[in-house]
Amino acid sequence: MNKAKKDELKLSRETRTVQILGFEDESSGALMPPVHFATTFARDAEHYQTPQGRSYLRCDGPTQELAEQVLADLEGASAALVFSSGIAACTAPFHALKRGEQALVSKTIYLGVLSFINEFAESWGISIDYFETGHLQDLEKKLVKGKTRLVWLETPANPSWVVTDLEAAAKLAHEAGALLAVDSTAATPVLTRPLELGADLVCHSATKYLNGHSDVIAGFLAVREPSLEIWRRIREHRKFGGAILGSMEAYLLIRGMKTLHLRVHRQCENALQLARFLERQELVEQVHYPGLESNPGHPVAKRQMQGGFGGMLSFQVHGGKKKALEVLSRALVFKRATSLGGVESLIEHRKSSETLETETPDNLIRVSVGIEAVEDLLQDLERMLQA
Ligand SMILES: Cc1ncc(COP(=O)(O)O)c(C=O)c1O
């Protein structure tokens, strides 16, 4: 098919991702991109220009750029930047704030971001306040017009999976003159696209679902309006802070994202079945999963998550930490490990992984549901909870 005909096709996001936005290597016809390891690019004699305007890999690598284009397309973003880790992506907007500006942060977020804020942001003169996760009235109360520059939240929020109404949060933030940034790692762009709901920035630990195979550390930020001053400063921060992703990792991310939709749909199906099973178990005190009708966040999740409720869930067991660890000790199919979003199912005693004082209950077990046959996962959970 010729190029003009191809351009007429209105392909779905899923197809565009699988086909790397129609990538074909011009010189060889290869359907997978080359990995450009070169750190520098040659200039011609006549105009002292490089063929594509690139000069140095830390500023603009071709493999990194292709990964960014795929993510931008997935998120419906105008532009995206790939980072050396999820935490580098998450903390870049804080680095981009100026002394005296305030970030208003949801209380339940990834602990690494909280640790960064505690250790660095405040000592640099960035003012920080917190609001109750998912509580729009509290968000509204804490916003300070003319001072709050950034609202930072995560939905569903780890490890309680509390859901925040993004459309409403964006409206409140904008009315106060602030930007809304969303860590959407758990939702993935398959289920929620925060920029389409009014958020200004979206962040991912691409280590998780976007790569999906537990073998790359990477992060992304994407933006709705690239002319924002904060986006310029984020780009400068990446360039001069040096949090750039290696070329091989960028390639692996591109490869991982090709199967994102397939993996996430399967993870959502498996997670819902596990959550429903857990709800019926005597030893289980409470299940936290936005896909359950009993979950307080379910109505909002139903509206803002399309095609499923994610692969992450938590549950609390009767008998405290001792019982939770005993349950975990019997896992044979689930791997006892932290992290999330890979194709293999992981299970952990969350509090043991946390390095800060948090509200996470001592009897909470966090599950990252993989793509295994669900009957094997159900059987494992049944054994863990009964013996
Ligand atoms: C929601 C969320 N955001 C950000 C991060 C940080 O990502 P990384 O470990 O890739 O630096 C994590 C890591 O667990 C996470 O779960």
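As a reminder, the structure under discussion sits directly above these lines.
Residues numbered from 1 in each chain as written. Predicted model: local features only at pLDDT ≥ 70, side-chain atom pairs only at ≥ 80, totals over all residues. Heavy atoms only, no water.

## What to know about the site of the ligand
- The ligand sits among 13 residues. The nearest are Ile 87, Asp 183, Ser 205, Thr 207 and Lys 208.
- Contact distances for the ligand include 2.9 Å between an oxygen atom and a backbone N or O atom of Gly 86.
- Thr 207 has a polar side-chain atom sitting 2.5 Å from an oxygen atom of the ligand.
- The protein chains hide 90% of the 390 Å² of surface that the ligand would expose on its own.
- It is helix H4 (residues 86-95) that provides the largest number of residues to the shell around the ligand, a total of three residues.
- Grouping the amino acids of the shell around the ligand by side-chain chemistry returns five nonpolar, five polar and three charged. (Near = heavy atom within 4 Å. Polar contact = N/O pair within 3.5 Å; in protein donor to acceptor, adjacent residues only side chain to side chain. Areas by Shrake-Rupley, 256 points an atom, 1.4 Å probe, with all protein chains shown as cover. Helix = DSSP H or I, 4+ residues; strand = E, 2+ residues; numbered from the N terminus. Nonpolar A, V, L, I, M, F, W, Y, C, P; charged D, E, K, R; others polar.)

## Some details on the packing of H4 against helix H9 (residues 229-241)
- The interhelical angle for the contact between H4 and H9, taken along N-to-C directions, is 120°, at an axis separation of 9 Å. Between H4 and H9, the angle falls in the class oblique. Taken as a pair, H4 and H9 cross one another with a handedness that is right-handed. Taking contact as the criterion, the partners of Ala 92, Pro 93 and His 95 in H4 are, on H9, Ile 230, Arg 233, Ile 234 and His 237.
- In the contact of H4 with H9, the residues fall into four nonpolar, two polar and one charged. (Axes fitted to C-alpha atoms, helices over the stretch in contact; angles between N-to-C directions. Parallel < 35°, antiparallel > 145°, perpendicular 65-115°, else oblique. Left-handed = near helix turned anticlockwise from the far one by under 90°. Contact = heavy atoms within 4.5 Å.)

## Remarks on the packing of aromatic side chains
- Following the criterion strictly, the structure yields five aromatic pairs and no others.
- A cation sits over an aromatic face here: Arg 238 above Phe 83, 6.0 Å from the ring centre. (Phe/Tyr/Trp six-rings, centres within 6.5 Å; stacked < 30°, edge-to-face > 60°. Lys NZ or Arg CZ within 6 Å of the ring centre and 35° of its normal.)

## Considerations on H9
- In this model H9 runs 17 Å from its N-terminal to its C-terminal C-alpha over 13 residues, within 8% of the 18 Å that 1.5 Å per residue would give.
- All of the buried residues along H9 are Ile 230, Trp 231, Ile 234 and Arg 238. Looking straight down H9, one finds its buried side chains confined to an arc of 100°; they lie on one side. (Expected span 1.5 Å × (residues − 1). Buried < 20%, exposed > 50% of the residue type's maximum accessible area, 1.4 Å probe, protein only. Arc of directions from axis to C-beta.)

## Let's talk about the sheet that holds strand E12 (residues 364-368)
- Reading across the sheet, the five strands line up as E8-E9-E12-E11-E10 and stay open at both edges, with mixed pairing between neighbours. Two strands lie at the open edges of the sheet, namely strand E8 (284-288) and strand E10 (335-336), each paired on one side alone.
- Those strands touched by helix H13 (residues 320-329) are strand E9 (312-317), E10, strand E11 (346-349) and E12, and its axis lies near 155° from that of E11.
- Across the sheet, helix H15 (residues 374-386) lies against E8, E9 and E11, angled at about 20° from E9, the strand it touches most. (Pairing = 2+ DSSP bridges.)

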